Amino acid sequence: PQEIHDKELAIRKEAEEEVFALKTKLKETEVETSNVVKKLQQTEEVLTSRLEAALSEQERDRIEREAKRSEEQERYQNLEREFETMREKLASLEQERDTLKASITDLEGELKEASDELQHYLTNEISEQATKLAADALRRQIDDM
């Protein structure tokens, strides 16, 4: 029985050494795990910060694009209104041009009529004066005879 007892003691000592080694290993693993957890937390914080910055930049870019699109839309609408105004002004000026052309044609016709009447009047006046001068000249000749 001493032999059994020695064996049991040896087994117990070996078991206690294994337990001590396992406890030491466990503590080392806990420290490593704690370090890994800290590194993971730090990495998570860095990645979260980067993600938030990227999301913020993405939102800022979206807002800038939207503002630019809105400005371009407003500019386009202004150009369309300006174009329509110019088109209306062109139509008005073309109508005015056509009206003036018609007025010019009418005035040219009236001027031709007035010119023809004036020519006829002048011709008649000159003929009357020539006839009068000729008649006066004939009377003088008759009187001189």
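See the structure above.
Residues numbered from 1 in each chain as written. Predicted model: local features only at pLDDT ≥ 70, side-chain atom pairs only at ≥ 80, totals over all residues. Heavy atoms only, no water.

Caption draft 1: Broad picture of the overall build of the protein. In terms of helices and strands, the protein carries one helix and zero strands. On C-alpha atoms alone, the protein measures out to a radius of gyration of 60 Å, which is more than a quarter above the 15 Å that the 2.2 N^0.38 rule sets for 145 residues. With the principal axes as the frame, the protein shows a C-alpha extent of 205 × 20 × 15 Å. Within the protein, the fraction of its 145 residues that count as buried is 0%. A gap of 8 Å separates the mean positions of the 24 positive and 39 negative side-chain charges of the protein. (Helix = DSSP H or I, 4+ residues; strand = E, 2+ residues; numbered from the N terminus. Rg over C-alpha atoms; globule rule 2.2 N^0.38 Å. Buried < 20%, exposed > 50% of the residue type's maximum accessible area, 1.4 Å probe, protein only. Lys, Arg positive; Asp, Glu negative; His and termini not counted. Charge placed at Lys NZ, Arg CZ, Asp CG, Glu CD.)

Caption draft 2: Seen up close, a negative patch on the surface. A cluster of acidic side chains, namely Glu14, Glu16, Glu17 and Glu18, defines a negative patch on the protein surface. Structurally, Glu18 can be placed in helix H1 (residues 2–144). (Patch = residues over 30% accessible without salt bridge, like charges linked within 9 Å, V, L, I, M, F, W, Y side chains within 5 Å. Areas by Shrake-Rupley, 256 points an atom, 1.4 Å probe, with all protein chains shown as cover. Salt bridge = Lys/Arg side-chain N within 4 Å of Asp/Glu carboxyl O.)

Caption draft 3: How the structure looks around the environment of Leu90. Within the fold, Leu90 resides in helix H1. Owing to a relative accessible area of 47%, Leu90 belongs among the partly exposed residues under this scheme. A C-alpha to C-alpha distance of 36 Å links Leu90 and Arg65, two positions 25 residues apart in sequence.

Caption draft 4: Here's a closer look at the pattern of salt bridges. Counted according to the given criterion, the structure contains six salt bridges. Glu59 is paired through a salt bridge with Arg62; the nearest N and O atoms lie 2.6 Å apart. On the criterion of helical spacing, the pair formed by Glu59 and Arg62 is a turn pair, its members being three residues apart in helix H1.

Caption draft 5: Structural context of a nonpolar patch on the surface. Residues Leu118, Tyr121, Leu122 and Ile126 make up a contiguous nonpolar surface patch of roughly 420 Å² in combined accessible area. Along the polypeptide, Leu118 turns up in helix H1. Given the relative accessible area of 48%, Leu118 is considered partly exposed.

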